[in-house]
Amino acid sequence: MTSTLDTIDFVHMGRTCLGHAARRTANLLTRHYNRHMAPLGLELTQCQLLAAIADGSANSASEIARFLGIDRSTLARNLKPLEAVGLITRQDSANRRVLPVLTPAGEEKVVAIHKTWKVAQADLCNLLGPDGGEAVRAHMSALRKAVHILEQSGAPDATSSGINKMPSLQSKDDSHE
C-alpha cells in the first residue's frame, strides 16, 4: 500500500457511503419481494412493469420507463419475455405509438401480483412500525431529489455544486422523479 492509501479509512467509507447503503438495501428488498413473487413465476421488476402497464396512465413507453426508473432499451428487453408468455401484447395508440397492454392472462396475473405484494409489503411495514414505512419513503425521496439536483447542476462534487445553497429536500413533492 502506498502512503496515500494508508490514510484512507475504507471501513468508514463503506459504512457511510449512501450509494453502497442504497444498493445493499435495494438488493435485500428485491430478494424479499422476489421470494414472495416466485410462486407466480415472476420477479419484482416484472411485477412492477405489469403493474405500470395495468395502471394505464402512461401515454408512451418512455413514460413507463421513466416511472420505473429504467431506460427505454431496458424496458424493451423486459417486455419481450412478458409478451412471449402471453401476459402482454402491443397495441397501437392514437398518436402512432405502440403501447404494451395486458392480455386477459396478464390481468389475472396482476390481480395475483397485487395479493402477493400486499403480503410482502405488510411483512415489512409491520416490522417498521406505524410510521416507519412512510419515514423510509420520505428519506428515499429526499435522496433521489438530492441526486436529481446534483445531476441537473452538472456538479462533479459537492464543493463545486454549492450544496450548502441547495433547497430543502424535506417536501413531499417528488416532481423530480
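Computed from a predicted structure; not experimentally measured. Counting starts from 1 at the beginning of each chain's written sequence and moves along it residue by residue. Local features in this predicted model are restricted to residues of pLDDT 70 or higher, and side-chain atom pairs are both shown and tallied only at a pLDDT of 80 or more, whereas totals for entire chains, interfaces and linings draw on every residue. Hydrogens are left out, water is left out, and the side-chain values use all remaining heavy atoms of the structure.

A. Summary view of the overall build of the protein chain. Counting its regular elements, the protein chain contains nine helices and two strands. Numbering of helices and strands runs from the N terminus; a helix is a DSSP stretch of H or I covering at least four residues, while a strand is a stretch of E covering at least two. Listing each helix as α and each strand as β along the protein chain from the N terminus yields α-α-α-α-α-α-β-β-α-α-α. By residue count, 24% of the 177 residues in the protein chain fall in the buried class. Residue contacts follow a heavy-atom distance rule, with two residues in contact if any of their heavy atoms lie within 4.5 Å. Intrachain contacts of the protein chain at a sequence separation of at least 6 include 49% that bridge at least 24 residues. Accessible surface, the protein chain as shown: approximately 12,400 Å² in total, 56% of it carbon and sulfur. Note on classification: 1.4 Å probe, protein chains only; a residue is buried when its accessible area is under 20% of the maximum for its type, exposed when over 50%, partly exposed between these limits. Using a 1.4 Å probe, accessible areas were evaluated by the Shrake-Rupley method; residue-level cover was limited to the displayed protein chains.

B. Layout of the side chain of T116. Secondary-structure assignment places T116 in helix α7 (residues 104–128). Here a polar contact means two N or O atoms within 3.5 Å. Within protein one must be a hydrogen donor candidate and the other an acceptor candidate, and residues neighboring in sequence count only if both atoms are side-chain atoms. A polar contact is formed between the side chain of T116 and the backbone oxygen of A112, at a distance of 2.9 Å. Look past the residues within four positions of T116 in its chain and what remains in contact with it is H36, M37 and L40.

C. Summary view of the pattern of salt bridges. Any Lys or Arg side-chain nitrogen located within 4 Å of an Asp or Glu carboxyl oxygen qualifies as a salt bridge. If you walk through the whole model with that rule in mind, you get two salt bridges. As a salt-bridge pair, E83 and R90 come within 3.0 Å of each other at their nearest N and O atoms. What makes E83 partly exposed here is its relative accessible area of 31%. With its nearest N and O atoms 3.4 Å apart, the salt bridge here joins E134 to R137. Taken together, the residues E134 and R137, both in helix α8 (residues 132–153) and three residues apart, mark about one turn of the helix.

D. Here's a closer look at the packing of helix α4 (residues 44–55) against helix α6 (residues 72–84). Fitting a line to C-alpha atoms yields each axis, with helices limited to the stretch in contact; the angle taken between N-to-C directions then spans 0 to 180 degrees. In the contact formed by α4 and α6, the axes pass within 11 Å of each other and the chain directions differ by 90 degrees. By the angle between their axes, α4 is roughly perpendicular relative to α6. Seen from α4, the contacting residues are Q46, L49, L50 and I53; seen from α6, they are L75, N78, L79 and L82. Only Asp, Glu, Lys and Arg are considered charged, only Ala, Val, Leu, Ile, Met, Phe, Trp, Tyr, Cys and Pro nonpolar, and every remaining residue, Gly among them, polar. The residue inventory of the contact of α4 with α6, partitioned by class, reads six nonpolar, two polar and no charged. An angle below 35 degrees is treated as roughly parallel, one above 145 as roughly antiparallel, one from 65 to 115 as roughly perpendicular, and anything else as oblique.

E. Expanded view of the layout of surface pockets. Using only the protein atoms, space was sampled on a 1 Å grid; points where a 1.4 Å probe fits but cannot get out form cavities, open sets with protein on both sides within 12 Å along at least five of seven lines form pockets, and lining residues are those with an atom within 4 Å of a point. Grid points are joined across faces, edges and corners, and a volume is the space filled by probe spheres set on the points. The calculated volume of the second largest pocket comes to roughly 190 Å³. If you trace the second largest pocket, you find it lined by S60, A61, S62, R72, L75, A76, L79, R90, R97, V98 and P100. Of all elements in the fold, only α5 (61–68), α6 and β2 (98–102) reach the threshold of two or more residues within the lining of the second largest pocket. It is α6 that contributes the most residues to the lining of the second largest pocket, four residues altogether. Its residues placed into classes, the lining of the second largest pocket shows six nonpolar, two polar and three charged.

F. The environment of L79, seen in detail. For L79, the location among the structural elements is in helix α6. When its relative accessible area of 3% is taken as the criterion, L79 is described as buried. In sequence terms L79 and L49 are 30 residues apart; their C-alpha atoms lie 8.2 Å from each other. With residues near it in sequence (within four places) discarded, L79 still touches L49, I53, I88, R90 and P100.

G. Layout of helix α3 (residues 18–37). Between the first and last residue of a helix there are one fewer steps than residues, each counted as 1.5 Å, and that sum is the expected span. The first and last C-alpha atoms of α3 sit 28 Å apart over 20 residues, in line with the 28 Å expected at 1.5 Å per residue. If you check which residues of α3 are buried, you get H32, Y33, N34 and M37. Tucked inside the fold, the buried residues of α3 contact α4 and α7.

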